[in-house]
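Listed below, chain by chain, are the residues.
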Amino acid sequence: DVGGRLITIYKGIPEGLRAERHPRVYAAASPRRIYIGNLPLSVDGLRLEEVFGEYGKVLSARVVCDWESGRSLGFGFVEMSTESQVNDAIAKLDGKSFDGRAIRVNVTEERPWLGNFRFG
């Protein structure tokens, strides 16, 4: 437990023993959808909507939570009305302190389904 967040440490595999990785293929991401990482665990979708609403119309705001425990996983997504609003929010909020934590804010990349998550 580090700073209220459970961490897992894995031993690395030596360079010569790693399997060859193939490049990932992503589906087209929405240019109006923003990824927000390093969120405080106390933040919910309403708080995200409030903060990002200062930069334009928020269509949706969600924090990703563990399916079983319901605890925040420390990241979420916001969809805004226009690309210019997205760019403005990213420029103003990336790296800024959000309830004591420096958040990461960028345009999303679509990724394959990675587990049992729910939105809180």
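Residues numbered from 1 in each chain as written. Predicted model: local features only at pLDDT ≥ 70, side-chain atom pairs only at ≥ 80, totals over all residues. Heavy atoms only, no water.

Colleague: Could you give me a rundown of a nonpolar patch on the surface, with the residues and numbers involved?
Modeller: Taken together, the side chains of Val2, Ile7 and Ile9 define a hydrophobic patch exposed on the protein surface, amounting to about 320 Å² of accessible area. Following the sequence through the fold, isoleucine 9 ends up in the segment before β1 (33-37). Owing to a relative accessible area of 73%, isoleucine 9 belongs among the exposed residues under this scheme. (Patch = residues over 30% accessible without salt bridge, like charges linked within 9 Å, V, L, I, M, F, W, Y side chains within 5 Å. Areas by Shrake-Rupley, 256 points an atom, 1.4 Å probe, with all protein chains shown as cover. Salt bridge = Lys/Arg side-chain N within 4 Å of Asp/Glu carboxyl O. Helix = DSSP H or I, 4+ residues; strand = E, 2+ residues; numbered from the N terminus. Buried < 20%, exposed > 50% of the residue type's maximum accessible area, 1.4 Å probe, protein only.)

Colleague: Which residues make up the pairing of strand β3 (residues 72-80), and what are the values?
Modeller: Relative to β3, β1 is paired through five bridges, and the arrangement is antiparallel. Opposite tyrosine 35, over in β3, you have phenylalanine 77 as the bridge partner. Hairpin connection from strand β2 (residues 58-66) to β3: five residues lie between these consecutive antiparallel strands, with glycine 70 at a positive phi of about 80°. (Pairing = 2+ DSSP bridges.)

Colleague: Could you give an account of the pattern of salt bridges, naming the residues involved and the relevant values?
Modeller: All told, the structure shown has four salt bridges when counted by the stated rule. Linking glutamate 50 and arginine 47 is a salt bridge whose minimum nitrogen-to-oxygen distance equals 3.0 Å. Taken as a pair, glutamate 50 and arginine 47 lie in helix α1 (residues 45-52) at a separation of three residues, close to a single helical turn. With a relative accessible area of 53%, glutamate 50 lands in the exposed category. Of the charged contacts, one joins aspartate 99 and arginine 47 as a salt bridge, the two residues approaching to 3.2 Å between their closest N and O atoms. Residue aspartate 99 is found in the loop between β4 (97-98) and β5 (101-102), and its partner arginine 47 is found in helix α1; the two are separated by 52 residues along the sequence. Given a relative accessible area of 45%, aspartate 99 falls into the partly exposed group. The exposure class assigned to arginine 47 is partly exposed, which follows from its relative accessible area of 28%. Within this structure, Arg47, Glu50 and Asp99 form a network of salt bridges that share partners.

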